[in-house]
Amino acid sequence: MDALNPSLQKPLNHLLVKPAGPDCNMSCQYCFYRRKKDFFPQTKIHRMDETVLERMIRELMEQGPKEVSISWQGGEPTLMGLAFFRKAIELEKRYGQGKIVANGLQTNGLLIDRDWTAFLQQYHFLVGLSLDGPDAIHDHYRRGEGGQVSACQVREAAGRLLDAGVAVNALCVVNDFSVRFPEEIYCFFKSLGLIYMQFIPCVEGDPGFRLPTVFSVPPLAYGAFLCRLFDLWIADFSDDRPTTSIRFFESLLFSYAGLSPPECTLLPECGTYLVIEHNGEVFSCDFFVAPEHRLGIIGERPLKDLLNSPKQQSFGHIKSRLPEECLLCRWLTFCRGGCLKDRFSGQDMTGLNYFCRAYKEFFPYADNRFKKLIADRRKKEQGLNLSVKTRAKKIGRNVPCPCGSGRKFKKCCALHSDGITNR
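Computed from a prediction, not measured in an experiment: that's the story for all the values here.

Undergrad: When you look at the overall build of the chain in this model, what are you seeing that I'm missing?
TA: Looking only at helices and strands, the chain has 14 helices and 10 strands in total. The proportion of buried residues among the 423 residues of the chain is 57%. A sequence separation of at least 24 residues applies to 71% of the contacts in the chain between residues at least 6 apart. By element, 52% of the accessible surface of the chain is carried by carbon and sulfur atoms, the whole surface being about 18,000 Å².

Undergrad: Even after reading the chapter, I still don't get the pairing of strand β2 (residues 67–72), so can you show me in this structure?
TA: Regular strands have side chains that alternate between both faces of the sheet. With 5 of its 6 residues buried, β2 lies for the most part within the structure. Bridge count for strand β1 (residues 14–17) against β2 is 4 bridges, and the pairing is parallel. Paired with V17 across the strands is W72, a residue of β2. Pairing geometry for β2 and strand β3 (residues 100–107), over 6 bridges, is parallel. When the sheet's bridge partners are listed, S71 is paired in β3 with G104.

Undergrad: How do you make sense of helix α2 (residues 82–95) when you look at a structure like this?
TA: Given 3.6 residues per helical turn, the α-helix brings residues three or four places apart onto the same face. Compared with the 20 Å implied by 1.5 Å per residue over 14 residues, the 20 Å span of α2 between its first and last C-alpha is a close match. Listed in full, the buried residues belonging to α2 are L82, F84, F85, K87, A88, I89, L91, E92 and Y95. Buried residues belonging to α2 abut α1 (50–63), β2, β3 and α3 (114–122). Just past α2, the residue Q97 takes up positive phi, approximately 50°.

Undergrad: Sorry, what's going on with helix α6 (residues 182–192) here?
TA: By the burial criterion, the buried members of α6 are P182, I185, Y186, F188 and F189. The buried residues of α6 all sit within an arc of 160° when viewed along its axis, so they share a single face. Those residues of α6 that are buried are in contact with α4 (135–138), α5 (151–163), β5 (167–174), β6 (196–201), α7 (219–235) and β7 (245–246). A positive backbone phi angle near 90° is found at G193, which sits one or two residues after α6.

Undergrad: Looking at this model, I keep getting lost on the environment of F362. Mind explaining?
TA: Inspection of the secondary structure puts F362 in helix α13 (residues 356–382). Distance in space between the C-alpha atoms of F362 and R228 is 9.5 Å, their sequence separation being 134 residues. Excluding residues that lie within four positions of it along the chain, F362 makes contacts with L226, C227, F230, F248, F249, L252 and F370.

Undergrad: Any chance you could explain the packing of α7 against helix α8 (residues 247–256) here in plain terms?
TA: To describe two helices that pack against each other, one gives the angle between their axes and the distance between the axes. It is the contact of α7 with α8, at a shortest axis distance of 10 Å, that shows an interaxial angle of 80°. Considering their axes alone, α7 and α8 lie roughly perpendicular with respect to each other. Contacts from L226, L229, F230 and W233 of α7 reach α8 at F248, F249, E250 and L253. By residue class, the composition of the contact of α7 with α8 is 7 nonpolar, no polar and 1 charged.

Undergrad: Please explain the packing of aromatic side chains as it appears in this structure.
TA: For any pair of aromatic rings, the description rests on two quantities: the centre-to-centre distance and the angle between the ring planes. According to the stated counting rule, one finds 37 aromatic pairs in the structure shown. Grouped by ring-pair contacts, the aromatic residues F230, W233, F237, F248, F249, Y256, W331, F334, Y359, F362, F363 and F370 constitute a single cluster. Sitting over the ring of Y33, K18 keeps its end group 3.8 Å from the ring centre. The aromatic ring of F287 is capped on one face by K341, whose charged end is 4.9 Å from the ring centroid.

Undergrad: For this particular structure, what's the right way to read the pattern of salt bridges?
TA: Where charged atoms from two side chains of opposite charge approach closely, those side chains can pair. Counted according to the given criterion, the structure contains 18 salt bridges. Notably, a salt bridge pairs D135 with R155, separated by 2.9 Å at the nearest N-O pair. Taken together, the positions of D135 in helix α4 and R155 in helix α5 put the pair 20 residues apart, joining distant regions of the chain. Residue classification places D135 among the partly exposed residues on the basis of a relative accessible area of 30%.

Calculation criteria
Residues numbered from 1 in each chain as written. Predicted model: local features only at pLDDT ≥ 70, side-chain atom pairs only at ≥ 80, totals over all residues. Heavy atoms only, no water. Helix = DSSP H or I, 4+ residues; strand = E, 2+ residues; numbered from the N terminus. Buried < 20%, exposed > 50% of the residue type's maximum accessible area, 1.4 Å probe, protein only. Contact = heavy atoms within 4.5 Å. Areas by Shrake-Rupley, 256 points an atom, 1.4 Å probe, with all protein chains shown as cover. Pairing = 2+ DSSP bridges. Expected span 1.5 Å × (residues − 1). Arc of directions from axis to C-beta. Axes fitted to C-alpha atoms, helices over the stretch in contact; angles between N-to-C directions. Parallel < 35°, antiparallel > 145°, perpendicular 65-115°, else oblique. Nonpolar A, V, L, I, M, F, W, Y, C, P; charged D, E, K, R; others polar. Phe/Tyr/Trp six-rings, centres within 6.5 Å; stacked < 30°, edge-to-face > 60°. Lys NZ or Arg CZ within 6 Å of the ring centre and 35° of its normal. Salt bridge = Lys/Arg side-chain N within 4 Å of Asp/Glu carboxyl O.

In structure tokens form, the structure reads like this:
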């Protein structure tokens, strides 16, 4: 057990769970997780059994605070079947002890039929639907093992979920091809009713992580993509409030308001959650499921102890070990060096972020408008004798979210503060 003062320990409030491990019913060329099959060679099919499921949920409920969340990811988690998730809900109720539990599901949408839709609606799942844009853009990389296209099926799943009132976020991977089409992608999502969007820049390294792969998005192109996307987002404001939600921009609004952003890549340190693989093994991060970042296995030590273990703390501290160029940069407060997985240069993830040039293109472009958004918001809040920071300290689940989306906190950043980022 770590010797930290209990009051300083990180709360066990979020798990990212891979119930089907790296298994998927698609074969997307850019997917970083499909290569994890080599890490679990014992079986060809990877599935979480009920013993691991029950231990995991029981520990989360016993050790977690009043409000906890689980992000079910993969691979493709719907390969587990509905019976598995019905069992998960049953266990959450059995061990919940009055806790509020938020469930999120990331899916490619191929198995989302009427039964799945009814289940997700009944239990208020937040669904992250992988969709890269219009058909030609989506199908460029997102195909089946035999090259089958998938855009039409995903669009149908989106419509089915939205018609049923399920909360859906569009998860768009920005790659070397899709980066050329920010306006087409943004307008396409709006046309489908997918007004909650998350854009994930794609970068993978060659085996030695010396050079990015061909499908990785070039940094300067990604910077231009962000600038154009920001213009589109701002243009759709109504009464000084966004009518569409772009997670990266809304997370930055938190930073500009002096609050802790909900996106983990913008935090000063990593290691705020745990990843649970199908076999019960526990890892530091979704992007670091590897032997050197294995923390333990369900049942050996309490999950809260693993979250606050010296090994997880050391992993979290790596992010603050930055090169001098970062420490002197005026944008460090906002980018925080970016995600560890994108630090290709240097050893031990202490070099410049691959997307450094993109951020240096974007932040000067958007800075004054971010500041104006916060200033305008504060003026309105002052009229009610309530500043953004004061509200944040007293934030409750039913108050408007500080990000300015217009939704209640429980329906906004409280639901997707961690985890739904995996491709």
